Amino acid sequence: MKFRKPFHLLCVMCVVISIPTCSNQPTAPATSAPEKASVKVNWDKVVTVSKTNTTLQVVVNPPLRPGSKIVKNVYQGVKDLGCDYVRYVPWLPYPKLGVAELEPPKDGNTSWDFSLIDPMTEDFMNATSGHSVIINFSTIPQWMWKTDKPVPYPADPDQPVWNYEQGTELRDPSAREVADYYARLVSWYTQGGFTDEAGKHHDSGHHYKIEYWEVLNEVEFEHNMTPQTYTHIYDAVVAAIHKVQPQMKFVGLALAAPSQKPEMFEYFLNPKNHQAGVPLDMISYHFYASPSPDETAATKPYTFFAQADGFLNSVRYIELIRQRLSPHTQTTVDEIGSIDSIDFGQGEAGYVFKDLPQSYWNLSAGIYAYVYAGLSRQGIDVAGESQMVGYPSQFPSVSMVDWNTGKGNTRYWVLQLLHDSFGPGDKIVEAESSTPYVFAQGYVTRDGKHRLLLINKRDRSFEYTIPAGTGAEVEYLDQTPGFPPPSKMQMSGDTLSLQGLSVAVVTLAE
């Protein structure tokens, strides 16, 4: 995450939607009756077969430390989701929580210290047990970079600092120093320990199964790496880790702004630019919708969905590069979300967080569902929502939980709804909506169920007619206060009403 600043006849079904109304839920602002729309779905016309896994990322921050009042709820939430490819990122704002060797070796001594890092990592690995994970200790120890003077870090591990990463040139141009650091990290967590630079062995007792290691994060911003610099470091790190854990697979790039850096894909995905034997298992990149500071809640849906369409266009272009240069490489879009302008001031004096309205959380949930649907049409392997916990001072508008309780908000529940409803092997069928303001995508799932994903892209009600809808089961998320799990209903007629910024999954009666 970049620290951003403002910048067949019988098989065809007609659907008319408006999110189910409940006596305790507010109606979307409207001056007229709900708009009507229709969706045609040809269940025999398969467009593609989905490969896309839904998942999330967990970013290290103080609310995830042992003793936190929310940590048990958070990790119970992770466990309940049961996702694969869960991404774990100890990241730069908290050096003591993400960097295991904060000082360079000196006089035969080293500073290796996992006392704060291990408890958090253990909680994560326990919560994801039985599922694949992607680990990314994204921050290289700062002393491995050339700077005019040493870069300080807070004594308080809970204090965020946004300028820890400095320098663009490694003090060891071979990148061996960085590679050895990561090899020792992997050995600590998979091999029970490692031998440090001074020849001393450190026992961890850890023998975790880690399927993927992602090499660094948002490298076009963090240390402003060129394609050549990043590829050089990637190759060195992969080679060193393979000596420790030959079965490890790797994720590369993790770009923050993929549309701005096509040269990164062109260079990195070309096997000719890598050392012999270095695998290109998977690439990653990110997307966040973000408004201008002067936008209102009424205008944000227009901005967010337009930005999502722009991103999905970029994905098509990136896929052309990948298919041409390295067609066997998989893709994970492992940060998908939105960052409200309220977060732009974090880290600055006078920053005060103001609560976001319910509509924001529904909008952000809808964006994840919309991007997931677009990625599944394009054959992307993994769609990861960002992030499990944010809180004031560390991207609160990205959080999937209430940071006061650790219980899921609408962004959490939309992931649960999608994860339980869709998955790899589902057939995506031809669907068409009569209005651009309601998105519809049809799926024939692996177990033969016929499902519609419906996303209201505007904060106003729509009414749909579903001639084959009687007996259909509907799960939906609307703007009900308190962030409850998806509501459920069974259609008794041929109309369905969905409120503004709602996400629904309709499962037709068999």
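Let me begin by describing the structure that accompanies this report.

Calculation notes
Residues numbered from 1 in each chain as written. Predicted model: local features only at pLDDT ≥ 70, side-chain atom pairs only at ≥ 80, totals over all residues. Heavy atoms only, no water. Helix = DSSP H or I, 4+ residues; strand = E, 2+ residues; numbered from the N terminus. Rg over C-alpha atoms; globule rule 2.2 N^0.38 Å. Buried < 20%, exposed > 50% of the residue type's maximum accessible area, 1.4 Å probe, protein only. Lys, Arg positive; Asp, Glu negative; His and termini not counted. Charge placed at Lys NZ, Arg CZ, Asp CG, Glu CD. Pairing = 2+ DSSP bridges. Axes fitted to C-alpha atoms, helices over the stretch in contact; angles between N-to-C directions. Contact = heavy atoms within 4.5 Å. Phe/Tyr/Trp six-rings, centres within 6.5 Å; stacked < 30°, edge-to-face > 60°. Lys NZ or Arg CZ within 6 Å of the ring centre and 35° of its normal. Salt bridge = Lys/Arg side-chain N within 4 Å of Asp/Glu carboxyl O.

This part covers the overall build of the protein. Of regular secondary structure, the protein possesses nine helices and 21 strands. Taking 510 residues into account, the globule formula puts the C-alpha radius of gyration at 24 Å, and the protein, at 23 Å, falls close to it. Judged by the C-alpha coordinates and their principal axes, the protein covers about 80 × 50 × 40 Å. For the protein, buried positions account for 59% of its 510 residues. Looking at the protein, you have 41 positive and 56 negative side-chain charges, and the mean spots of the two groups are 2 Å apart.

A few words on the sheet that holds strand β5 (residues 86-89). Ordered in space as β4-β5-β6-β9-β10-β11-β12-β13, the eight strands form a closed barrel in which the pairing is parallel. Between one strand axis and the next, the sheet turns by 25 degrees as a mean value, whatever way the strands run. As defined by bridge partners, strand β11 (residues 282-289) adjoins strand β12 (residues 330-338) across eight bridges and the pair is classed as parallel. Of the residues in β12, the one forming a bridge with Ser-284 is Thr-332. Contacts from helix α3 (residues 117-127) reach β4 (53-59), β5 and β6 (133-135), with the element oriented near 180 degrees to β5.

Time to look at the packing of aromatic side chains. Considering all chains together, one arrives at 32 aromatic pairs under this definition. When the ring of Trp-91 is compared with that of Trp-162, the centres are 5.8 Å apart and the planes differ by 75 degrees; the resulting orientation is edge-to-face. Note that Trp-91 is positioned in the loop between β5 and α2 (95-98) and Trp-162 in the loop between β6 and α4 (176-190), a separation of 71 residues in sequence. Of the residues examined, Trp-91 reaches a relative accessible area of 6% and is grouped as buried. Residue Trp-162 is classed as partly exposed on the basis of its relative accessible area, which comes to 23%. Of the aromatic side chains, those joined through ring pairs into one cluster are Trp-112, Phe-114, Phe-137, Tyr-181, Tyr-182, Trp-188, Tyr-189, Phe-194, Tyr-208 and Trp-213. One residue, Arg-458, lies across the ring of Tyr-302, its end atom 4.0 Å from the ring centre. Across the ring face of Tyr-437, the terminal group of Arg-460 is positioned such that the distance to the ring centre comes to 5.0 Å.

Scanning all chains against the criterion turns up 17 salt bridges. Arg-65 serves as the salt-bridge partner of Asp-158, at 2.9 Å between the closest nitrogen and oxygen. Pair noted here: Asp-158 is in the loop between β6 and α4 and Arg-65 is in the loop between β4 and α1 (71-81), with a separation of 93 residues, a long-range link. Across the pair Arg-322 and Glu-319 runs a salt bridge, and its minimum N-O distance is 2.8 Å. One end of the pair, Arg-322, and the other, Glu-319, are both in helix α7 (residues 300-325), three residues apart, so they sit about a helical turn from each other.

The next point concerns unusual backbone geometry. Backbone torsion omega between Ser-386 and Gln-387 reads -15 degrees, so that peptide bond is classified as cis. Summarising the element assignment, Gln-387 is placed in the loop between β13 (382-385) and α9 (410-421). Even without glycine at this site, Asp-107 takes up a positive phi of about 55 degrees. Assignment of secondary structure puts Asp-107 in the loop between α2 and α3. Although it is not a glycine, His-223 sits at a positive phi angle of roughly 70 degrees. Take His-223: it is sitting in the loop between β9 (212-214) and α5 (227-244).

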